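Observations on chain architecture
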Amino acid sequence: MPSFVVHGLIPLLLILALRLAPPKVALATLPFTWLPDLDFWLGIHRATTSNVFILLPTLYLWWRWREAEPQRAQYAGIATLYLASHLIMDMFAGGIVPFWPLWDYTVFWHFLIRINTQTGERDVTNDPGTHEGAPQVVEWFTWLSPVEAAMLAVTAVAVVGTLGWRWYRQGGQLPGFLASEDEG
Ligand SMILES: [Zn+2]
């Protein structure tokens with residue numbers, strides 16, 4: 001299952017790299033990326049808030065504002081992208097019930113490649129499918145795996161290093177990290 005690190009970093013970095021929105025918008029709407037996991041506490045995990053209907057409110061706002069208020073529309077559009085990214089990632093990691101509560105079936109795509117360290121042999125698993133009901137919740141959920149701790153560490157070094165360097169170059173002034181790209 002993708003952890004909060006993967007759900008946060010992957011869409012955030014894509015939105016910034018593809019210049020879909022300025023950093024200010026990408027960061028302000030970032031919490032939407034974790035919203036589908038509310039159903040861990042409320043209702044049925046991977047169903048109650050992990051379905052396509054959760055996209056509708058922000059999608060509607062984007063559509064409504066896109067001509068008259070493009071700046072507000074951008075916030076709604078990016079929020080929709082965050083929500084959609086969560087659903088897609090969860091589909092590849094256990095599955096979601098995309099049309100809950102209308103259709104109580106999990107949709108999943110189990111895809112992985114393993115390499116035998118002794119023989120070099122490759123083992124590809126490609127298993128898309130559906131099953132009735134929500135996915136099983138494991139007893140011990142890996143909230144942070146070693147790989148994700150590594151991603152966080154690299155991100156922290158990059159952010160702190162870059163901001164520190166800019167702060168030093170600007171003679172002790174706080175870098176306009178969020179505002180500088182705004183007009184670009
Ligand atoms: Zn999730």
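Residues numbered from 1 in each chain as written. Predicted model: local features only at pLDDT ≥ 70, side-chain atom pairs only at ≥ 80, totals over all residues.

**What to know about the overall build of the protein chain**
The number of helices and strands found in the protein chain is 6 helices and 2 strands. Ordering the α and β elements of the protein chain from the N terminus gives α-α-α-α-β-β-α-α. Projecting the C-alpha coordinates of the protein chain onto the three principal axes gives extents of approximately 60 × 55 × 30 Å. Intrachain contacts of the protein chain at a sequence separation of at least 6 include 61% that bridge at least 24 residues. (Helix = DSSP H or I, 4+ residues; strand = E, 2+ residues; numbered from the N terminus. Contact = placed C-beta atoms within 7 Å.)

**Side note on the nonpolar core**
Counting 13 residues, the largest nonpolar core has Ile15, Ile78, Ala79, Tyr82 and Leu83 as its most contacted members. At the level of secondary structure, the elements contributing two or more residues to this core comprise helix 1 (4–17) and helix 4 (70–91). Among the elements that line this core, the one with the most residues is helix 4, at 7 residues. Ignoring anything within four residues of it in the chain, the contact list for tyrosine 82 reads Pro11, Thr29, Leu30, Phe32 and Thr33. Ala47, Ile96, Trp100 and Ala134 belong to the second largest nonpolar core, which has 5 residues in total. (Core = buried A, V, L, I, M, F, W, Y, C linked by C-beta atoms within 7 Å. Buried ≥ 20, exposed ≤ 12 C-beta atoms within 10 Å, placed from the backbone.)

**Some words on the confidence of the model for the protein chain**
Chain-level pLDDT for the protein chain is 92 on average; 93% of the residues reach the 70-or-more range. Ranking the elements of the protein chain by mean pLDDT puts helix 6 (residues 177–180) last with 53 and helix 3 (residues 56–65) first with 98. (pLDDT = per-residue confidence, 0-100.)

**Comments concerning the pairing of strand 2 (residues 122–132)**
Taking burial as the measure, the 11 residues of strand 2 include 0 buried ones, a minor fraction of the element. Relative to strand 2, strand 1 (residues 105–115) is paired through 11 bridges, and the arrangement is antiparallel. Bridged to histidine 110 within strand 2 is aspartate 127. Two successive antiparallel strands, strand 1 and strand 2, enclose a turn made up of 6 residues, where glycine 120 displays a positive phi of approximately 80°. (Pairing = 2+ DSSP bridges.)

**Some details on unusual backbone geometry**
Here the bond from tryptophan 100 into proline 101 is cis, since omega is 0°, no more than 30 degrees from zero. Its place among the elements puts proline 101 in the loop between helix 4 and strand 1. Although it is not a glycine, arginine 19 adopts a positive phi angle of roughly 55°. One non-glycine residue, arginine 46, lies in the positive phi region at around 70°.

**What about the domain arrangement of the protein chain?**
By domain assignment, the protein chain separates into domain 1 (4–137) and domain 2 (144–184). Averaged C-alpha coordinates put domain 1 and domain 2 at centres separated by 25 Å. Listed by partner, the interface residues are 7 residues for domain 1 and 8 residues for domain 2. Those elements that place two or more of their residues in the side of domain 1 that touches domain 2 are helix 1 and helix 2 (23–28). Taken together, the residues of the side of domain 1 that touches domain 2 break down into 6 nonpolar, no polar and 1 charged. (Domains from an automatic or database assignment. Nonpolar A, V, L, I, M, F, W, Y, C, P; charged D, E, K, R; others polar.)

**Considering helix 4**
Here helix 4 contains 22 residues, and its C-alpha end-to-end distance of 31 Å stays within 8% of the 32 Å for a straight helix at 1.5 Å per residue. Those residues of helix 4 that fall on the buried side of the exposure criterion are Tyr75, Ala76, Gly77, Ile78, Ala79, Thr80, Leu81, Tyr82, Leu83, Ser85, His86 and Asp90. Summarising the contacts, the buried residues of helix 4 are in contact with helix 1, helix 2 and helix 3. (Expected span 1.5 Å × (residues − 1).)

**Structural notes on the environment of leucine 102**
Residue placement: leucine 102 occurs in the loop between helix 4 and strand 1. With 12 residues separating them along the chain, leucine 102 and arginine 114 place their C-alpha atoms 36 Å apart.

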